[in-house]
Amino acid sequence: MRLGVNIDHIATIREARGIDLPDPVQAAAIVELTGAYGITVHLRKDRRHIKERDVELLKRTLKTHLNVEISLDSEILEFIKSIQPDACCLVPERVEEITTEGGLNIIKFIQPTKNTVQELKAMGIKTTAFIEPDEELIKTAPKCEVDAIEINTSKYADAKTIKDRQNELVRIKNAAQIAHSFGLEVHAGHGLNWYNVQPIAKIQEIVELNIGHSIIARAIFVGLERAVKEILDLL
Ligand code: PXP
């Protein structure tokens with residue numbers, strides 16, 4: 001199982017003070033040296049945490065894999081094409097949201113998604129669509145020409161009862177199987193932590209997890225290296 005560590009919230013802490021510490025680029029080096037598969041960042045339209053400078057430096061200094069989450073926004077797309085990260089995950093974005101609230105509606109936005117995917121693929125950038133574990137959405141993914149889907153696990157992570165969590169797990173398993181049968185690579189993420197990650201990691205078709213907030217939150221107490229290592233051990 002590949003672990004992509006989302007380091008956005010290192011930059012959130014930096015922005016709380018408006019200075020240059022802590023530096024997400026330094027954090028990325030520690031995450032890499034600890035053995036993660038790669039680094040994920042979300043370049044938001046409002047630049048609330050990660051900035052162009054971070055993406056540029058990550059591209060120049062990372063030894064592993066850089067995955068940038070972006071919305072279907074032409075200005076961000078042009079910047080990303082100039083950087084050429086290893087992969088891009090297409091996500092929906094609302095300025096007022098605290099975090100990504102749901103998957104991208106690739107049925108409604110099939111054409112802009114496909115156009116963005118084609119532009120990224122032409123640059124050799126791998127493409128992923130972040131979507132809900134819904135059969136119709138999964139069936140639409142190949143039509144958008146994405147290489148992979150990332151299943152949104154937030155309903156699973158936020159489930160209040162064991163029954164609800166079980167139901168969400170079944171939806172995720174089914175979605176992973178359908179996507180895999182279409183030849184898509186399957187990733188998952190959002191809201192995953194030490195206590196809920198293992199049932200997701202056991203799903204055979206899922207080859208990559210992207211985890212951010214829980215790792216950075218734990219790192220405040222135990223250090224970044226230990227926080228990453230503990231998740232890697234669970235995987
Ligand atoms: N995957 C996507 C597409 C996301 O937008 C995020 C949050 O930035 C994550 C994974 C990681 O979620 P979390 O921070 O809850 O681990």
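The structure this text deals with has already been given above.
Residues numbered from 1 in each chain as written. Predicted model: local features only at pLDDT ≥ 70, side-chain atom pairs only at ≥ 80, totals over all residues. Heavy atoms only, no water.

Asks: Can you lay out the layout of surface pockets for me, pointing to particular residues and giving the numbers?
Replies: Here the largest pocket is characterised by a volume of approximately 640 Å³. Taken together, 30 residues make up the lining of the largest pocket; nearest its centre are His 9, Thr 99, His 190, Gly 191 and His 213. Elements with a contribution of two residues or more to the lining of the largest pocket: α1 (8-17), α7 (154-158), β8 (206-211) and α10 (213-222). For the lining of the largest pocket, the class distribution of residues is seven nonpolar, 16 polar and seven charged. (1 Å grid on protein atoms, 1.4 Å probe; cavity = no way out; pocket = protein on both sides within 12 Å on 5 of 7 lines; lining within 4 Å. Points joined across faces, edges and corners; volume = space filled by probe spheres on them. Helix = DSSP H or I, 4+ residues; strand = E, 2+ residues; numbered from the N terminus. Nonpolar A, V, L, I, M, F, W, Y, C, P; charged D, E, K, R; others polar.)

Asks: Provide a residue-level description of empty space enclosed by the protein, including the pertinent values.
Replies: For the structure on display, the rule yields two cavities of 30 Å³ or more. In this model, the largest cavity occupies a volume close to 50 Å³. Taken together, Arg 2, Tyr 37, His 65, Asn 67, Ala 87, Cys 89, Lys 126, Thr 128, Glu 150, His 187, Glu 208 and Asn 210 form the lining of the largest cavity. Elements with a minimum of two residues in the lining of the largest cavity: β4 (87-90), β5 (126-131) and β8. Looking at side-chain class alone, the lining of the largest cavity contains three nonpolar, five polar and four charged residues. Lining the second largest cavity are Gly 4, Tyr 37, Gly 38, Ile 39, Thr 40, His 65, Asn 67, Glu 208 and Asn 210. The dominant element in the lining of the second largest cavity, judged by the number of residues it contributes, is strand β2 (residues 38-42), at three residues.

Asks: So what's going on with helix α3 (residues 52-61)? Residues and values would help.
Replies: Three or more residues of α3 are buried, namely Asp 54, Val 55 and Leu 58. Along α3, the residues classed as buried sweep out an arc of 95° about the axis, all on the same side. On the buried face of α3, the contacting elements are α1, α2 (24-34), β2, β3 (66-70) and α4 (74-83). (Buried < 20%, exposed > 50% of the residue type's maximum accessible area, 1.4 Å probe, protein only. Arc of directions from axis to C-beta. Contact = heavy atoms within 4.5 Å.)

Asks: Can you tell me about the state of the cysteines, naming the residues and giving the values?
Replies: What is meant by a disulfide is a covalent connection between two cysteines, made through their sulfur atoms. Evaluation of the coordinates by the stated rule reveals zero disulfides. The thiol of Cys 88 is unpaired, and the distance to the nearest cysteine sulfur, on Cys 89, comes to 8.6 Å. Just so you know, Cys 144 is unpaired, no disulfide at all, and the nearest cysteine sulfur is the one on Cys 89, 13 Å from it. Owing to a relative accessible area of 1%, Cys 144 belongs among the buried residues under this scheme. (Disulfide = S-S within 2.5 Å.)

Nothing here speaks to function; it is geometry throughout.
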